[in-house]
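# Descriptive analysis of the structure
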Amino acid sequence: MSASPKKIAKMPAPSILRGKSVKIMSLFAVIVICYFYSSLQRISSGVILPHMGKAYGFSASLVGFLSSLFFYSYGLTQNVWGAISDRTGPVRSCAIGIAMAAVGSSLLLVSPSPILIGMSRFFCGLGLAAYFTGIYIYAALAFPIEEYPFWVGFVQVIGNLGTVAAVAPLGILMDRLGYRGVFLIFTVWALCAAIILWLCRNMNIELDGAPPDKTRTAGGLLGLLADTWKDIRHGLAFIVGNKSLRLIVYAWSIVSAAVITLQGLWGVSWISVSSGAGEETARFWTTWVSIGLVIGAMCGARFAQKSKDIRSGMLMTLAPLGAAWCAYMASALLGLPAHVMGTIGFFIGVGSSTCMVFSISTLKSLVPISRAGLAIGTGQMLLYIAVIVLQWGSGVIINQFPGETAGSYLNAGFALAFGIAVLIIWHSAFLTWRMPEFSKADME
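Residues numbered from 1 in each chain as written. Predicted model: local features only at pLDDT ≥ 70, side-chain atom pairs only at ≥ 80, totals over all residues. Heavy atoms only, no water.

## Structural notes on the overall build of the protein chain
When helices and strands are tallied, the protein chain shows 17 helices and zero strands. The buried share among the 444 residues of the protein chain stands at 57%. (Helix = DSSP H or I, 4+ residues; strand = E, 2+ residues; numbered from the N terminus. Buried < 20%, exposed > 50% of the residue type's maximum accessible area, 1.4 Å probe, protein only.)

The following block contains the structure:
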């Protein structure tokens with residue numbers, strides 16, 4: 001029997017939601033939906049660009065380059081957006097960012113030429129870069145500090161659900177509507193979100209005991225640009241000047257670059273080549289990498305809350321992840337069925353996402369709240385430099401192993417490209433093993 005309306009009204013809210021403003025949570029929901037959109041756009045190239053490459057005769061190196069253009073603008077402006085969000089507020093920066101993504105999405109409604117595809121990827125990446133830092137700053141300002149790992153994990157779950165939607169579901173949508181229909185939806189979605197966020201740009205989100213941000217800039221645009229440049233230099237010095245933080249960012253970067261390149265660019269093609277599966281089957285099993293990322297984000301939030309020692313925490317994520325990557329490589333080289341690679345890919349997703357959440361939570365815990373966006377943004381910028389190098393470099397390597405038909409490539413090319421990434425993951429685990437133990441308290 002269902003509960004009556006009166007009884008429902010008296011039911012207590014989940015503890016994590018108690019005391020939260022409806023306005024604050026509603027605005028957070030809008031930004032979370034935009035973060036889902038950001039992940040969907042980021043990974044969409046794995047389905048859309050190889051399909052367009054076959055249709056229009058693009059080479060693997062061109063496909064890899066066009067895909068990487070998103071990450072040039074997305075990755076190299078992370079610390080810029082982080083500094084801007086620290087100073088102007090995350091809602092304003094997110095509103096501007098999603099509007100830029102709408103412009104980028106609309107370009108593919110005009111023509112599928114490589115120039116417009118490249119411009120679309122670049123503008124979408126430039127705008128959506130505001131969301132990775134913006135959403136974490138919003139959470140840091142709006143919610144108590146002890147809840148931060150929970151909200152990091154929650155955001156990662158939503159973002160990774162976007163990567164799930166970007167493979168098999170997006171492939172089905174593209175088969176039915178074509179790429180123009182898909183990008184029309186992307187354009188309208190981004191425009192609606194931009195209007196909502198811009199209307200709410202002046203709403204105060206500093207609540208729940210979070211200390212107010214006193215770093216806002218006076219002096220207009222020139223003052224903002226000058227202070228942003230100072231922040232960027234400070235963020236780079238902060239990461240580069242500390243050996244332990246360098247190692248965290250190094251491991252975080254290669255782990256993220258490898259899984260993003262797998263799920264967002266070559267995963268479908270690799271499973272098709274190695275197992276002989278059809279495209280729909282390959283899409284389905286590649287989606288399990290993204291499902292693993294969702295599960296790993298939930299596990300990572302709990303792991304980050306409980307872990308006290310950073311060295312052991314990093315090792316507990318990197319070693320199993322490296323083993324899963326080795327198993328994936330072996331299954332591809334042996335030509336095992338698609339469901340085997342998909343199952344192993346699920347565990348790669350779990351391990352990668354756990355490492356991401358742990359790394360973000362650790363970086364946030366080591367800096368004051370007024371510099372949270374800068375620290376996370378700088379780490380994210382370095383991460384996406386790794387993504388750019390791996391996406392472009394993997395395309396160059398795979399292009400050296402052409403198949404019998406145009407647009408197809410041999411298993412050896414995929415294995416060589418990703419084998420390099422796996423070696424770097426194990427190298428980061430080795431460096432972590434050799435570093436002295438230290439806790440978060442030691443860094444404060």
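## Some remarks on the nonpolar core
By size, the foremost hydrophobic cluster in this structure holds 127 residues, and its most contacted members are Ile98, Tyr131, Tyr136, Tyr138, Leu197, Trp325 and Tyr328. When residues of this core are assigned to their parent elements, the largest contribution, 17 residues, is made by helix α11 (residues 243–275). Look past the residues within four positions of Tyr138 in its chain and what remains in contact with it is Ile24, Leu27, Phe28, Ile31, Pro90, Val91 and Ile205. (Core = buried A, V, L, I, M, F, W, Y, C linked by side-chain atoms within 4.5 Å. Contact = heavy atoms within 4.5 Å.)

## Side note on the pattern of salt bridges
For the structure shown, the criterion picks out two salt bridges. The closest approach of N and O atoms between Asp175 and Arg283, which form a salt bridge, is 3.1 Å. Of this pair, Asp175 sits in helix α9 (residues 168–199) while Arg283 is found in helix α12 (residues 279–306), placing the two residues 108 residues apart along the sequence. Owing to a relative accessible area of 5%, Arg283 belongs among the buried residues under this scheme. (Salt bridge = Lys/Arg side-chain N within 4 Å of Asp/Glu carboxyl O.)

## Concerning the environment of Ile398
Within the secondary structure, Ile398 sits in helix α15 (residues 372–399). A relative accessible area of 0% means that Ile398 is categorised as buried. With 16 residues separating them along the chain, Ile398 and Phe414 place their C-alpha atoms 5.9 Å apart. Setting aside anything within four residues of it in sequence, one finds Ile398 in contact with Ala60, Trp266, Tyr409, Gly413, Phe414 and Ala417.

## Looking at the packing of helix α3 (residues 45–56) against helix α4 (residues 60–76)
Put simply, α3 and α4 touch, their axes get as near as 10 Å, and they point 145° apart. Relative to α4, α3 is oriented so that their crossing is right-handed. Seen from α3, the contacting residues are Ser45, Leu49, Pro50 and Gly53; seen from α4, they are Val63, Leu66 and Ser67. The class makeup of the residues in the contact of α3 with α4 is four nonpolar, three polar and no charged. (Axes fitted to C-alpha atoms, helices over the stretch in contact; angles between N-to-C directions. Left-handed = near helix turned anticlockwise from the far one by under 90°. Nonpolar A, V, L, I, M, F, W, Y, C, P; charged D, E, K, R; others polar.)

## Brief notes about the packing of aromatic side chains
Per the stated rule, a full pass over the model turns up 27 aromatic pairs. Measuring from ring centre to ring centre gives 5.0 Å for Tyr37 and Trp189, while their planes differ by 65°; the resulting arrangement is edge-to-face. In this pair, Tyr37 sits in helix α2 (residues 22–43) while Trp189 sits in helix α9, placing the two residues 152 residues apart along the sequence. Residue Trp189 is classed as partly exposed on the basis of its relative accessible area, which comes to 26%. Seen from their ring centres, Trp288 and Phe346 are 6.0 Å apart, and the 70° between their planes marks the pair as edge-to-face. Taken together, the residues span a long stretch of sequence, with Trp288 in helix α12 and Phe346 in helix α14 (residues 338–365) at a distance of 58 residues. For Trp288, a relative accessible area of 29% puts it in the partly exposed group. By the ring-pair criterion, three or more aromatic residues cluster together here, those being Phe28, Tyr138, Phe143, Phe150, Trp151 and Phe154. (Phe/Tyr/Trp six-rings, centres within 6.5 Å; stacked < 30°, edge-to-face > 60°.)

## Points about the environment of Ala277
Within the secondary structure, Ala277 sits in the loop between α11 and α12. The exposure class assigned to Ala277 is buried, which follows from its relative accessible area of 19%. For the pair Ala277 and Pro337, spaced 60 residues apart in sequence, the C-alpha separation works out to 7.8 Å. Beyond its immediate chain neighbours, meaning those up to four positions away, Ala277 contacts Ile271, Ser272 and Ala338.

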